[in-house]
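In case you want the letters, here they are:
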Amino acid sequence: MNTDIDNKLLNHWLSFSDIQTKINNRLESALEEKYSLSLKEFYVLYYLSQTSDKQLRLQQLQDLVGLSQSAISRLVVRMEAKNCGALQRHVCENDRRGVYTCLTDLGENKFKKALVTFNETIQSACLEDGLQKELHALIQRSTIE
């Protein structure tokens, strides 16, 4: 294998990863400040909002959000608590081992408001001059090489 090509690919990946981390940090900050939501909690609301019945099995959410079984359970419990009330869990009647969580009206409203902030933050980050230059340079380097 060509070490120069391997290093270039690694450098491109690290640059891309750095840009993504910067944007994720901004999103996390904005969502936490305005809605007391982590980015993972926002993703849970998003995935539930995309289903026709506004519910998913915890296993499905775990896979979509990229959390362990215990982490997704803790997250859902927090979002189900009285101070949030965005989610509601229930056991599947056909399979008692299956636990579903569904989006409440409160959760759907919270998601819609948070989505506006999410989109504004992404747009702002992408329009920022420094980030645009980083992205442009990364794209240029990867197409030239």
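Residues numbered from 1 in each chain as written. Predicted model: local features only at pLDDT ≥ 70, side-chain atom pairs only at ≥ 80, totals over all residues. Heavy atoms only, no water.

A. Representation of the overall build of the chain in the model. Scanning the chain for helices and strands turns up six helices and three strands. Along the chain direction, N to C, the helices and strands of the chain fall in the order α-α-β-α-α-β-β-α-α. When each of the 145 residues of the chain is scored for burial, the buried share is 32%. When contacts within the chain are restricted to residue pairs at least 6 apart in sequence, long-range pairs at least 24 apart make up 55% of them. Looking at the chain as shown, the accessible area adds up to about 9,400 Å², and 51% of this sits on carbon and sulfur atoms. (Helix = DSSP H or I, 4+ residues; strand = E, 2+ residues; numbered from the N terminus. Buried < 20%, exposed > 50% of the residue type's maximum accessible area, 1.4 Å probe, protein only. Contact = heavy atoms within 4.5 Å. Areas by Shrake-Rupley, 256 points an atom, 1.4 Å probe, with all protein chains shown as cover.)

B. Looking closely at a nonpolar patch on the surface. Residues Leu-10, Trp-13, Leu-14 and Phe-16 make up a contiguous nonpolar surface patch of roughly 420 Å² in combined accessible area. Within the secondary structure, Phe-16 is located in helix α1 (residues 3-35). (Patch = residues over 30% accessible without salt bridge, like charges linked within 9 Å, V, L, I, M, F, W, Y side chains within 5 Å. Salt bridge = Lys/Arg side-chain N within 4 Å of Asp/Glu carboxyl O.)

C. Seen up close, the packing of aromatic side chains. Under the counting rule described, the total for this entry stands at six aromatic pairs. Judged by centre distance (5.4 Å) and plane angle (35 degrees), the ring pair of Phe-42 and Phe-111 falls under tilted. Remark: Phe-111 occurs in helix α5 (residues 105-127) and Phe-42 occurs in helix α2 (residues 39-49); sequence separation between them is 69 residues. Taken individually, Phe-42 and Phe-111 each receive the classification buried, so the pair is uniform in this respect. With a centroid separation of 6.2 Å and 45 degrees between ring planes, the pair formed by Tyr-46 and Phe-111 is classed as tilted. Of this pair, Tyr-46 sits in helix α2 while Phe-111 sits in helix α5; the two residues are 65 residues apart in sequence, bridging distant segments of the chain. For Phe-111, a relative accessible area of 6% translates into the label buried. An aromatic cluster is built from Phe-42, Tyr-43, Tyr-46, Tyr-47, Phe-111 and Phe-118, whose rings are joined through pairwise contacts. (Phe/Tyr/Trp six-rings, centres within 6.5 Å; stacked < 30°, edge-to-face > 60°.)

Geometric descriptors of this kind do not, in isolation, establish any biological role.
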